[in-house]
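Structure at a glance
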Amino acid sequence: MREVDVKLITDAVAEMSKEANYFLGDDVVQAFEKGLKEEESPVGKEMFSQLLENARIAREEEVPMCQDTGFAVLFVELGQDVKLVGGDFNEAINEGVRRGYTDGFLRKSIVSDPLERANTKDNTPAIIHVEIVPGDQIKLTLAPKGGGSENMSAVGMLKPAQGAKGLVDFVVDTVSKAGPNPCPPVVVGVGFGGTFEKVAYLAKKALLRPLGEPNPDPFYADLEKEMLEKINNLGIGPQGYGGRFTALGVQLEVFPCHIASMPAAVNINCHASRHKERVI
Amino acid sequence: MEPKRISAPLTDEMIMELKAGDNLLISGVIYTGRDAAHKKLVELLEKGEEWPVDLKGQIIYYVGPTPAKPGQVIGSAGPTTSGRMDSYTPAVLKYGIKAVIGKGARDESTRKAFQEYKGVYLGATGGAGALLAKRIKDAEVVAYEELGPEAIRKLVVEDFPVTVINDAHGNDLYAEGRKQYAKA
Ligand code: SF4
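Because the structure is predicted, anything quoted here is derived from the model rather than measured. (Residues numbered from 1 in each chain as written. Chains lettered and ligands numbered in written order. Predicted model: local features only at pLDDT ≥ 70, side-chain atom pairs only at ≥ 80, totals over all residues. Heavy atoms only, no water.)

1. With respect to the site of the ligand
- Taken together, 13 residues surround the ligand, and among them Cys 66, Cys 183, Cys 270 and Arg 274 of chain A together with Gly 127 of chain B come closest.
- Nearby residues place the ligand at the junction of chains A and B.
- When grouped by side-chain class, the residues that make up the shell around the ligand number 5 nonpolar, 5 polar and 3 charged.
- Each of domain 1 (2-20 + 65-145) and domain 2 (148-274) of chain A contributes no fewer than three residues to the shell around the ligand. (Near = heavy atom within 4 Å. Nonpolar A, V, L, I, M, F, W, Y, C, P; charged D, E, K, R; others polar. Domains from an automatic or database assignment.)

Written out as structure tokens, the structure is:
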């Protein structure tokens, strides 16, 4: 057993909260550069140049790239040989969010009750997903998630008879309906299989893959390509002003499912596709 | 295409010259306002009472910035989703607001209101909060201080980049742009 003080988790989460919001990943920056070169619409090109400039300013001045600094979603891979000491695990994560969002001048966007809507004022609680894995390390991934794109996401309990076409249509249709609202160009996370709650989790997890890294299964990698092409053929374009780049990538995660069902989920991420990792 | 330059107060004539798809640079004064402020302003209109600030001919920006870092005028300040203001927008256009800045689609009655009252819907780049904050040179609360980040602020901007989405002639960039670039 390796003992790990939960204070290390707090420190890591606090730092990642800031880093994720200030420093856009190189994979996304490269996708913007490609967009700037290849986008056919002049307004769309202008959008890519603004997004590149925005990412540069955020990085250099250490300010949030977007004012919606998101819900703090934490994915934790906890080694089964780790013994956590020094305090409560969940509270350690929330303390990290509290500190990171306050010290980092990030916006506090969480309300304590969906109806009463009083701001919790420190962006807590975090959404925490834990998987127990072999080993004695802890891998933390923080993915702040903006409201505009989250609101355009969907779960569909499709019928097995709908097959691959049913999945493709559901995904393309969800992005089509979202139109300009999730700040395109978007990254599309797709979950396929599992159960009602598992499929939504898979869609969100798919967004953590580096942009452009295909699904390891060649069949699903092809399906990702097909969906990306169909989405870009919608013509929505950067910011919805019309153009060839509506999505920068489609990333799909698959899981076995019940004989009677074929769940699918689409989690749309905006171009402010933020996630940072840390291993303790 | 060179962007057009505009400053408030805006007149009907100035509005009629703007077309969906135009890139504009705004310099001068704009005002912030989102859900809570809109609610209050529309309640005043319904009661026939004066607004705490005269906003006739002015531009409203739907924004909820991050807290300013020491030395900053304002934190990151990109647009928020405009659809939440749809139920208030026709009334504020009727009052005399000439332009609103946000992101995302408007409903049909709001789109029609831009035509009816000679106003425009402008898009600022969603998610470009750091860039847009650099174009804001001054910020001062002018009404509803108690609303915190949702208070009405007077901003002084320089070369603030926006795109005309809905013009006063009934054109809609979202619909037209998409049609132009869609492939079967
Ligand atoms: S959808 Fe994304 S980029 Fe757009 S405002 Fe929300 S967090 Fe920012």
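Text resumes after the structure shown.
2. Examining the confidence of the model for chain B
- Chain-level statistics for chain B give a pLDDT mean of 94 and a share of 99% at 70 or above.
- Across the whole predicted complex the pTM is 0.92, and at the interface the ipTM reaches 0.90. (pLDDT = per-residue confidence, 0-100.)

3. Thoughts on the pattern of salt bridges
All names here are of chain A.
- Applying the stated criterion across every chain yields a total of 29 salt bridges over all chains.
- Across the salt bridge formed by Arg 98 and Asp 122, the nearest N and O atoms sit 2.8 Å from each other. Residue Arg 98 is located in helix 4 (residues 89-103), and its partner Asp 122 is located in the loop between helix 4 and strand 4 (127-133); the two are separated by 24 residues in the primary sequence.
- Glu 131 serves as the salt-bridge partner of Lys 205, at 3.0 Å between the closest nitrogen and oxygen. (Salt bridge = Lys/Arg side-chain N within 4 Å of Asp/Glu carboxyl O. Helix = DSSP H or I, 4+ residues; strand = E, 2+ residues; numbered from the N terminus.)

4. Some words on the environment of Met 47 of chain A
- The residue Met 47 of chain A is located in helix 3 (residues 42-61) in this model.
- Along the backbone, Met 47 of chain A and Leu 36 of chain A are 11 residues apart, and their C-alpha atoms lie at a distance of 8.3 Å.
- Excluding residues that lie within four positions of it along the chain, Met 47 of chain A makes contacts with Pro 238, Gln 239 and Tyr 241 of chain A together with Thr 125 and Thr 163 of chain B. (Contact = heavy atoms within 4.5 Å.)

5. Focus: helix 4 of chain A
Residues and elements named next belong to chain A.
- Taking 1.5 Å per residue, 15 residues should reach 21 Å; helix 4 reaches 21 Å between its end C-alpha atoms and fits that length.
- When we look at burial in helix 4, the residues that qualify are Phe 89, Ala 92, Ile 93, Asn 94, Gly 96, Val 97, Gly 100 and Tyr 101.
- On its buried side, helix 4 packs onto helix 1 (6-22), strand 2 (71-79), strand 3 (82-85), strand 4 and strand 5 (138-145).
- Among the residues of helix 4, the N-terminal cap falls to Asp 88, whose side-chain oxygen and the backbone nitrogen of Asn 90 are separated by 2.9 Å. (Expected span 1.5 Å × (residues − 1). Buried < 20%, exposed > 50% of the residue type's maximum accessible area, 1.4 Å probe, protein only. Polar contact = N/O pair within 3.5 Å; in protein donor to acceptor, adjacent residues only side chain to side chain.)

6. Side note on the environment of Asp 12 of chain B
Residue and element names in this part refer to chain B.
- With respect to the helices and strands, Asp 12 occurs in helix 1 (residues 12-16).
- Classification of Asp 12 by relative accessible area gives partly exposed; the value is 33%.
- Spatially, the C-alpha atoms of Asp 12 and Glu 49 are 24 Å apart, while their sequence positions differ by 37 residues.
- Apart from residues no more than four positions distant in its own chain, Asp 12 is found in contact with Lys 98 and Lys 118.
- At a separation of 2.7 Å, a polar atom in the side chain of Asp 12 contacts the side chain of Lys 98.

7. Structural notes on the layout of surface pockets
All names here are of chain A.
- Approximately 310 Å³ is the volume found for the second largest pocket.
- Around the second largest pocket, the lining is made up of 13 residues, and of these Lys 34, Glu 38, Leu 228, Phe 245 and Leu 248 lie nearest the centre.
- Of all the elements in the fold, those that place two or more residues in the lining of the second largest pocket are helix 2 (26-38), helix 8 (218-232) and strand 8 (247-257).
- No other element matches helix 2, which puts 4 residues into the lining of the second largest pocket.
- For the lining of the second largest pocket, the residue count by class is 6 nonpolar, 2 polar and 5 charged. (1 Å grid on protein atoms, 1.4 Å probe; cavity = no way out; pocket = protein on both sides within 12 Å on 5 of 7 lines; lining within 4 Å. Points joined across faces, edges and corners; volume = space filled by probe spheres on them.)

8. Things to note about unusual backbone geometry
- Of note, the amide linkage connecting Pro 184 of chain A to Pro 185 of chain A takes the cis form, showing an omega dihedral of 10°.
- Within the secondary structure, Pro 185 of chain A is located in the loop between helix 6 (163-178) and strand 7 (186-194).
- In this structure, Pro 9 of chain B follows Ala 8 of chain B across a cis peptide bond, with omega equal to 0°.
- Even without being glycine, Lys 121 of chain A reaches a positive phi, approximately 70°.

9. Let's talk about the packing of helix 2 of chain A against helix 3 of chain A
All names here are of chain A.
- Interhelical geometry of helix 2 versus helix 3 gives an angle of 150° and a closest axis separation of 8 Å. Taken together, the axes of helix 2 and helix 3 are roughly antiparallel relative to one another. Here helix 2 runs over helix 3; the crossing is left-handed. Taken together, the residues of helix 3 that come into contact with helix 2 (itself represented by Asp 26, Val 29, Ala 31, Phe 32, Glu 33, Gly 35, Leu 36 and Lys 37) are Lys 45, Phe 48, Ser 49, Leu 51, Leu 52 and Arg 59.
- Here the residues of the contact of helix 2 with helix 3 sort into 7 nonpolar, 2 polar and 5 charged. (Axes fitted to C-alpha atoms, helices over the stretch in contact; angles between N-to-C directions. Parallel < 35°, antiparallel > 145°, perpendicular 65-115°, else oblique. Left-handed = near helix turned anticlockwise from the far one by under 90°.)

10. Quick notes on the interface of chain A and chain B
- Facing 41 residues of chain A, the contacting portion of chain B comprises 40 residues.
- Broken down residue by residue, the surface that chain A buries against chain B is led by Gln 67, Phe 105 and Tyr 241 of chain A, which jointly contribute 23%.
- Linking chain A with chain B are 1 salt bridge, by the criterion used here.
- Between Lys 134 of chain B and Glu 61 of chain A there is a salt bridge whose closest N-O contact spans 2.6 Å. (Buried area = accessible area lost by both parts, 1.4 Å probe.)

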